[in-house]
Amino acid sequence: MVGVYNVEEAANHAYLGAYAQQHRGQESAGIVSSDGERLYRYAGMGKVADVFTPQKIRQLMGRHAISHNRYSTTGASFLRNAQPIRFESRLGTMALAHNGNLTNAQTVRRSLEELGSLFQTTIDTEVISHLVARSRADNFTDALIEAVTQIRGAYSLVVLTGDTLYALRDPNGFRPLVMGKKDDGFIFASETCALDIIDAEYVRDIEPGELVVVTPRGVTSLFPFAKTSQNLCIFEYVYFSRPDSLVFGKSVYNTRLRMGEILAEESGVEADLVMPVPDSSSVAALGYARQSGLPYHMGLIRSHYVGRTFIEPDQKIRDFGAKIKYNAIAAVVKDKRVVVIDDSIMRGTTTRKIVKMLRNAGAKEIHVRIASAPTRHACYYGIDIPSPSELIAATHTIEEIIKYLRVDSLAYLSLEGMQRGAADIEGGSGNAGYCTACFDGKYPVRLDENEAIYSNQKTLFSEYEIEESA
């Protein structure tokens, strides 16, 4: 997400910020702008550069804008589910972009439908807009506060009305949201790399449970929620965020580097070289090499014309992507004992194909090291991690995974090692607590019972889904 306030060519800045955060979602992209009174919207399926042309951006007028890259976790990959969503209410026109997942969306939606609400999408985000519209508050700020106090789960939001921009993080702080300064205006984004591309200055993180309100009169900070424990998503450091970003106040690069060092401390092995599965594990592999004393090499080359397979919406695409995404360098790995560093293993299909490539290129031994703990549980807070039945670490022992991957050894970073890796890096609040539910199954915010029956978040509202084309 990106929010832009009081900046010339706001839509263009929102576009650039979305482009810098393309790694966070590739299914659809959208921008809503405001000239202070009217809201203008355009959204489409695909990547940011494919959706927006210079002509389309010029039609998005005004000095305020929000943008969104969609990576579906609730609701299928349809155009009608593209964000930001825009709607009318008695309080005026509003646009909303959401990063995260609500854990009581099904319950709230059913209640709203019984009261007569008509939903246009199958995403949990729309629940928030209906709660705002139904509020009896006499101003938009109070209506938004009333709405978000009725939802649970993970949500970082940017909300745009005619002349006001809101930025909000849930009380647990699952998903990141930062604030920057650009001339006389303000920029909000999921990651600081979005600030860098438009030469905005990083000011600070939006705090968990904080609502920042930006109006022509200035900036106000509100804390409408009761205090609760922080549960920052540690998977942001493992895979999701760009290494050049600050996330939760810490350098993603330095955190991954430290986790790689700890991985070498915990599971060193005799070998000739260390190599990453590029790109998200490259920094962890550097840390492993530095701690182990082994030389670092690029044994795989990645085609950058293929998207990130983990966040593609369909398993068939993931399989195809894994097949064409990498190529082994025989000159590097032939007759060598190689340590292959990857950030995580989900189903194991991609890793198995990579191992086969390395064997065919002549690698003598292959030792896989994973710079995170075994992923054994689904995520309900905004990362599309499969159900446990699809996760290889949830259904197989280490020995069985070694046999399936056809490797000489396999080891994961311990959960304690992950937490120590994050704690060792300067920045943040100093007392940050991390959500590790996808690794240990300890969910900090409960899932409503009637939503727990869904093993896949994308099918949460599956009864509403119909065949659709963009």
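Residues numbered from 1 in each chain as written. Predicted model: local features only at pLDDT ≥ 70, side-chain atom pairs only at ≥ 80, totals over all residues. Heavy atoms only, no water.

Novice: Any details on the sheet that holds strand β21 (residues 365–370)? Residues and values, ideally.
Specialist: Spatial strand order, β17-β20-β21-β22: four strands in an open sheet with parallel pairing. Looking at strand neighbours, the two that pair on one side only are β17 (273–276) and β22 (409–412), the edges of this open sheet. Strand after strand, the sheet turns through a mean of 20 degrees between neighbouring axes, direction not considered. Note that β21 and β22 share four bridges and pair parallel. From the neighbouring strand, I370 faces β22, where its bridge partner is Y412. Where helix α9 (residues 252–267) meets the sheet, its contacts fall on β20 (337–342), β21 and β22, and the angle it forms with β22 comes to roughly 125 degrees. (Pairing = 2+ DSSP bridges. Helix = DSSP H or I, 4+ residues; strand = E, 2+ residues; numbered from the N terminus. Axes fitted to C-alpha atoms, helices over the stretch in contact; angles between N-to-C directions. Contact = heavy atoms within 4.5 Å.)

Novice: Mind laying out the packing of helix α5 (residues 125–134) against helix α6 (residues 140–148), listing which residues take part and the relevant values?
Specialist: It is the contact of α5 with α6, at a shortest axis distance of 8 Å, that shows an interaxial angle of 130 degrees. When the interaxial angle is binned, α5 and α6 end up oblique. For α5 against α6, the interelement crossing comes out right-handed. Residues I128, L131 and V132 of α5 lie in contact with α6, whose contacting residues are F140, A143, L144 and A147. Classifying every residue of the contact of α5 with α6 gives seven nonpolar, no polar and no charged. (Parallel < 35°, antiparallel > 145°, perpendicular 65-115°, else oblique. Left-handed = near helix turned anticlockwise from the far one by under 90°. Nonpolar A, V, L, I, M, F, W, Y, C, P; charged D, E, K, R; others polar.)

Novice: With reference to specific residues and values, describe the environment of D244.
Specialist: Structurally, D244 is set in the loop between α8 (235–240) and β15 (246–247). A relative accessible area of 41% means that D244 is categorised as partly exposed. Spatially, the C-alpha atom of D244 lies 9.4 Å from that of N254, the residues being 10 residues apart in sequence. Dropping the residues within four chain positions of it, D244 is found in contact with T192, C193 and D196. There is a polar contact of 2.6 Å between the side chain of D244 and the side chain of R242. (Buried < 20%, exposed > 50% of the residue type's maximum accessible area, 1.4 Å probe, protein only. Polar contact = N/O pair within 3.5 Å; in protein donor to acceptor, adjacent residues only side chain to side chain.)

Novice: An account of the sheet that holds strand β6 (residues 92–102) is needed here, citing residue identities and associated values.
Specialist: Strands in a sheet are paired, the pairing made by backbone hydrogen bonds, and the direction either parallel or antiparallel. With respect to topology, six strands assemble into an open sheet ordered β5-β6-β7-β8-β12-β13, the strand pairing being antiparallel. Looking along the sheet, the strands with just one partner apiece sit at the ends: β5 (85–89) and β13 (218–222). Across this sheet, the average inter-strand angle for adjacent strands is 20 degrees, counted without regard to direction. Where strand β8 (residues 165–169) and strand β12 (residues 211–215) come together, four bridges link them in antiparallel fashion. Looking at the pairing, Y166 lines up with V213 of β12.

Novice: Could you give an account of the packing of helix α4 (residues 105–114) against α5, with specific residues and numbers?
Specialist: Where α4 contacts α5, the two axes come as close as 10 Å, and the packing angle between them is 45 degrees. Regarding the angle of α4 to α5, the classification is oblique. Crossing hand, α4 versus α5: left-handed. Listed contacts from α5 to A105, V108, R109 and L112 of α4 are V127, H130, L131 and R134.

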